[in-house]
Amino acid sequence: MTRPLLISDCDEVLIHMVRHFGDWLDEAHDIEFTPSSWELGRNMRRRSGGDAPSREEMRGFLDGFFPAEMHRQTLVPHARDALARIAEVADIVILTNLQDSCRTHRMDQLAAFGIAHRVECNQGPKGGPVAALVAEHGNPVTVFVDDLPMHHESVAEHAPQVHRLHMVAEPALAPGVPAAPAAHARIDAWPDALPWIIDRLASGRPAPAIATAAAHG
């Protein structure tokens, strides 16, 4: 039989990123970073004053953090144990939006936290890669977990049968990120998310159309 499948994001789902990114911006670039939104430019303020960082500068900051500063990142509470429980009943793929050159760094980083599952890098919306992974695994019942609403919208378009869980595991960021309209649920802590995921994986059923999905929250 085809095992169910979990496809999980990494940053702010399995490991913390923005709090450590902010610390590094302060130290290396004299930029104050307040994680209140996923619009990175809104979170940044030069301590010296002047214009906000440009989009090109923000991309440069991210390239400076990954992979050189990944050692700063910390494990999201209960994420490792939750994945271990899920691995008893399902295959797991970690789909992370990093350059392909960072794949080995990400694998090593996760392994140091006791998380050893297949890692795939992606750039851009995740709907296409999720659909391809589901097909590769034999079209099993699948749960997708991610912190960015845009990725839930993309997966809803390309793989609507996938159960979609919106999770923002960074407490400082979560209040500034509304529930993703294209997700079936919003749960920000692994102890609460685990039974939701296990129930969907065990159901053997595809996800309902979002119009009939349970209310977010």
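Small disclaimer: the values here were computed from a predicted structure and weren't measured. (Residues numbered from 1 in each chain as written. Predicted model: local features only at pLDDT ≥ 70, side-chain atom pairs only at ≥ 80, totals over all residues. Heavy atoms only, no water.)

Scanning the chain from N- to C-terminus turns up eight helices and ten strands. Taken against the 2.2 N^0.38 rule, which gives 17 Å for 217 residues, the C-alpha radius of gyration of the chain at 17 Å falls within 12% of a compact globule. Projected onto its principal axes, the C-alpha coordinates of the chain cover approximately 60 × 35 × 30 Å. Going through the 217 residues of the chain one by one, you find that 47% of them count as buried. Of the contacts made within the chain by residues no fewer than 6 positions apart, 66% connect residues no fewer than 24 positions apart. Carbon and sulfur atoms make up 52% of the accessible area of the chain, which totals about 10,100 Å². Taken together, the 19 basic and 29 acidic charged side chains of the chain have centroids lying 3 Å from each other. (Helix = DSSP H or I, 4+ residues; strand = E, 2+ residues; numbered from the N terminus. Rg over C-alpha atoms; globule rule 2.2 N^0.38 Å. Buried < 20%, exposed > 50% of the residue type's maximum accessible area, 1.4 Å probe, protein only. Contact = heavy atoms within 4.5 Å. Areas by Shrake-Rupley, 256 points an atom, 1.4 Å probe, with all protein chains shown as cover. Lys, Arg positive; Asp, Glu negative; His and termini not counted. Charge placed at Lys NZ, Arg CZ, Asp CG, Glu CD.)

On to the nonpolar core, then. The biggest cluster of nonpolar side chains holds 31 residues, and the ones touching the most others in it are Ile86, Trp190 and Ile197. Listing elements by their share of this core, those giving two or more residues are α4 (79–87), β6 (91–96), β8 (142–146) and α8 (190–203). Per-element tally for this core: the top contributor is α8, with seven residues. For Ile197, the contacting residues outside a window of four places in its chain are Leu6, Ile86, Val143, Val145, Leu165 and Trp190. (Core = buried A, V, L, I, M, F, W, Y, C linked by side-chain atoms within 4.5 Å.)

This structure, assessed with the given rule, holds five aromatic pairs. Their ring planes at 65° and their centres at 6.0 Å tell us that Trp24 and Phe65 sit as a pair that is edge-to-face. Of this pair, Trp24 sits in helix α1 (residues 18–29) while Phe65 is found in helix α3 (residues 55–65), placing the two residues 41 residues apart along the sequence. With respect to burial, Trp24 and Phe65 carry one shared label: buried. These aromatic residues form a ring-pair network of at least three members: Phe21, Trp24, Phe33, Phe65 and Phe66. (Phe/Tyr/Trp six-rings, centres within 6.5 Å; stacked < 30°, edge-to-face > 60°.)

The space that makes up the largest pocket amounts to roughly 1,100 Å³. Along the walls of the largest pocket sit 29 residues, with Leu40, Leu62, Asn97, Leu148 and His151 positioned nearest its centre. Where the lining of the largest pocket is concerned, the elements lending two or more residues are α2 (40–43), α3 and α7 (149–158). Counting residues per element, the lining of the largest pocket draws most heavily on α3, which supplies five residues. Class assignment for the residues of the lining of the largest pocket results in twelve nonpolar, eight polar and nine charged. (1 Å grid on protein atoms, 1.4 Å probe; cavity = no way out; pocket = protein on both sides within 12 Å on 5 of 7 lines; lining within 4 Å. Points joined across faces, edges and corners; volume = space filled by probe spheres on them. Nonpolar A, V, L, I, M, F, W, Y, C, P; charged D, E, K, R; others polar.)

This part takes up the environment of Pro175. Assignment of secondary structure puts Pro175 in the loop between β9 (163–166) and β10 (185–186). Judged by relative accessible area, Pro175 falls into the exposed class, the value being 71%. Taking the C-alpha atoms as reference points, Pro175 and Gly60, 115 residues apart in sequence, are found 27 Å from one another.

Read from one edge of the open sheet, six strands run β7-β6-β1-β8-β9-β10, paired in parallel fashion. At either margin of the open sheet sits one strand with a lone partner, and together these are β7 (118–121) and β10. Note: strand β1 (residues 5–8) against β8, four bridges, orientation parallel. Bridge pairing in β8 links Ser8 to Val145. Each of β1, β6, β7 and β8 is contacted by helix α6 (residues 127–136), which is oriented at about 155° to β1, the strand it contacts most. (Pairing = 2+ DSSP bridges. Axes fitted to C-alpha atoms, helices over the stretch in contact; angles between N-to-C directions.)

The next subject is unusual backbone geometry. Following Phe66, the chain continues to Pro67 via a peptide bond in cis, the omega torsion being 0°. Mapped onto the fold, Pro67 is located in the loop between α3 and β5 (74–75). You will see that His78, though not glycine, has its phi angle at about 75°, which is positive. By the element assignment, His78 lies in the loop between β5 and α4. A residue is classified by how much of its surface remains accessible, and His78, at 48% relative accessible area, is partly exposed.

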